[in-house]
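An overview of the molecular structure
Okay, here's what each chain looks like letter by letter:
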Amino acid sequence: MQNVLFQLIVSGIAMGFVYALVAVEYTLIWNACGLLNFSHEKIIMLGGYVFVGTCINVFHMPNLLSALSAILILGLFGVLIAVTIFIPLRNQSRLIAVVATVMLGQILNEAAVLVWGPVALMPKNFLSGVFTFMGATIAKSYVYIILVSIIIIAVLQFIFKKTKFGKAMTCVSIHKTASSLMGINVKASMVVTLLISFMICAVIGIITAPVFTVKQQMATMIALKGFCAGVIGGFGSLPAAIAGGLTLGIVENLTGLILPAVFKDAVAFALMILFMMFSPKGLVGVKESIKSRRIKKAGEAG
């Protein structure tokens, strides 16, 4: 029983980090452009196809070089999308922007079918095998997902906290007009944000390829649960997105001990609805509420 519980927690943390990365991608674009990217499901898919379908199957690159090439290609594609779609639409109505991102996703989906075909692809000898730890068997793919996610989150934290451009991006997320008046290049900040966001999507598509295989629907549930993670954590904050993703990943896996596996996907949406009803600010709101109560009690005691 202990081995099963350990396996569920590890796999839950791994998937939680995947949801967290999706929530971070949502948050980055929302903060930089004020838009929700409803095409990221297909961008994740595109990253998987470029990695397996082009870099490995066509150019026969080694796995690591294929992964780096796919991330670079998706980053450049993000710059193109920023210049042609997100920046021109940033001052338009939200409905127009939403429709544009949805249509972008449909275009990418149809393009994937035309270029790579409808058959699912699977990378060979990539993140395969298992680790044995304390009698528990853990898939290597889950361990690598955790490690890669931690590295990405650490790099993002360094960029936003320690670099001049990262701090400028944070200012743009708070107030675009004021940032522009202070001499910050808002358009350049948006372009870099889209570049980072699309690179994150590429990473998600690559690290989940051994788990879900590369196909048109590979990221459908990942994207939906990533949005749920953003709501659960508290939309608009990177630490909250990470907390929401990990919470969701662990909770949905542990419910498998109580409920049949068929209900696993419903847990994410039920949890999101509960947070929207009782704590719309997510875990951030819960933390603020606890902090305010402690301050109130301290004031009353004084």
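That block above? That's the structure.
This text gives an overview of the structure that appears in the document. Everything quoted here is computed from the prediction, not taken from an experiment.

What counts, and where the lines are drawn
- Residues numbered from 1 in each chain as written.
- Predicted model: local features only at pLDDT ≥ 70, side-chain atom pairs only at ≥ 80, totals over all residues.
- Heavy atoms only, no water.
- Helix = DSSP H or I, 4+ residues; strand = E, 2+ residues; numbered from the N terminus.
- Buried < 20%, exposed > 50% of the residue type's maximum accessible area, 1.4 Å probe, protein only.
- Patch = residues over 30% accessible without salt bridge, like charges linked within 9 Å, V, L, I, M, F, W, Y side chains within 5 Å.
- Areas by Shrake-Rupley, 256 points an atom, 1.4 Å probe, with all protein chains shown as cover.
- Salt bridge = Lys/Arg side-chain N within 4 Å of Asp/Glu carboxyl O.

**A closer look at unusual backbone geometry**
- The phi torsion at H60 lies on the positive side, around 55 degrees, for a residue other than glycine.
- A positive phi angle, near 55 degrees, is found at N125, a position not held by glycine.
- Within the fold, N125 resides in the loop between α4 (94–116) and β1 (130–133).
- Of the residues examined, N125 reaches a relative accessible area of 68% and is grouped as exposed.

**Considerations on a nonpolar patch on the surface**
- Residues V4, L5, I9, L257, I258, L259, V262 and F263 make up a contiguous nonpolar surface patch of about 720 Å² in total accessible area.
- With respect to the secondary-structure elements, V262 resides in the loop between α11 (238–254) and α12 (264–278).
- Residue classification places V262 among the exposed positions, given a relative accessible area of 68%.

**Some remarks on the pattern of salt bridges**
- In this structure the tally under the stated criterion is 3 salt bridges.
- For K42, the salt bridge goes to E41, with nearest N and O atoms at 3.1 Å. Neither residue differs from the other here; K42 and E41 are each classed as buried.
- We note a salt bridge from E252 to K225, for which the minimum N-O separation is 3.0 Å. Here E252, found in helix α11, pairs with K225, found in helix α10 (residues 220–233); they are 27 residues apart in sequence, far enough to count as distant. The pair E252 / K225 is uniform in exposure class, with both members buried.
- One connected set of salt bridges, linked through shared partners, spans K225, E252 and D265.

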